[in-house]
Amino acid sequence: QVQVVEFGGGLVQAGGSLRLSCAISGNIFSINVMNWYRQAPGKQRELVARLRSGGNTNYADSVKGRFTISRNNAENMVYLQMNRLKPEDTAVYYCNANGWAGTFDSWGQGTQVTVSS
């Protein structure tokens, strides 16, 4: 089993940058996929970025070219670098880890990102 805790959210002006961090405890090599999701008020939770164990990445169309997901196995960390932020990026961001063959689905508590116009 793996636990994740995300941090790094905050208030930033439109056009600015933030880097979210996700600290992973447990067997990092049991993770198949790492995801960042977000949920804005009144909206459904949506997938923002995905990083597979082989290194392939996927991004929501709304963040392509602005957000980058990355992983540091030596430090048991996953990051979401967010550049050129927009007010519509305002949401609670969640780190999510999926184990191989659905063995686990771990979520963090979320971190608030607020982008002012």
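Residues numbered from 1 in each chain as written. Predicted model: local features only at pLDDT ≥ 70, side-chain atom pairs only at ≥ 80, totals over all residues. Heavy atoms only, no water.

S.K.: Which residues make up the pairing of strand β3 (residues 18–26), and what values do they have?
M.R.: Walk down a regular strand and you will see the side chains alternate between the two sheet faces. Relative to β3, strand β1 (residues 2–7) is paired through six bridges, and the arrangement is antiparallel. Pairing of Val-2 across the sheet is with Gly-26, part of β3. (Pairing = 2+ DSSP bridges. Helix = DSSP H or I, 4+ residues; strand = E, 2+ residues; numbered from the N terminus.)

S.K.: Could you give an account of the pattern of salt bridges, naming the residues involved and the relevant values?
M.R.: Inspection of every chain in the model, using the stated rule, returns four salt bridges. As a salt-bridge pair, Arg-38 and Asp-89 come within 2.9 Å of each other at their nearest N and O atoms. Of this pair, Arg-38 sits in strand β4 (residues 31–39) while Asp-89 sits in the loop between β8 (77–82) and β9 (91–99); the two residues are 51 residues apart in sequence, bridging distant segments of the chain. With a relative accessible area of 5%, Arg-38 lands in the buried category. Among the residues examined, Asp-89 registers a relative accessible area of 1% and is labelled buried. (Salt bridge = Lys/Arg side-chain N within 4 Å of Asp/Glu carboxyl O. Buried < 20%, exposed > 50% of the residue type's maximum accessible area, 1.4 Å probe, protein only.)

S.K.: Could you give an account of the nonpolar core, with specific residues and numbers?
M.R.: Counting 30 residues, the largest nonpolar core has Ile-24, Trp-36, Leu-80, Met-82 and Tyr-93 as its most contacted members. Elements with a minimum of two residues in this core: β1, β3, β4, β5 (46–52), β7 (67–72), β8, β9 and β11 (111–116). (Core = buried A, V, L, I, M, F, W, Y, C linked by side-chain atoms within 4.5 Å.)

S.K.: Explain the state of the cysteines to me, using residue names and the numbers behind them.
M.R.: Formally, a disulfide is one covalent bond, and it connects the sulfur atom of one cysteine to the sulfur atom of another. Counted according to the given criterion, the structure contains one disulfide. With a sulfur-sulfur separation of 2.0 Å, Cys-22 is cross-linked through a disulfide to Cys-95. For the disulfide bridge between Cys-22 and Cys-95, the dihedral angle about the S-S bond is near -80°, and by the sign convention the bridge is left-handed. You can see Cys-22 sitting in strand β3 and its partner Cys-95 sitting in strand β9, a full 73 residues away along the chain. Here Cys-22 matches Cys-95 in class, with each residue buried. (Disulfide = S-S within 2.5 Å.)

S.K.: Could you give an account of the pairing of β7, naming the residues involved and the relevant values?
M.R.: The sheet contact formed by β7 and β8 spans six bridges and is antiparallel. Each bridged residue has a counterpart across the sheet, and for Ile-69 the counterpart in β8 is Leu-80. Hairpin geometry of β7 and β8 is characterised by an intervening segment of four residues between the two adjacent antiparallel strands and by a positive phi of about 55° at Asn-76.

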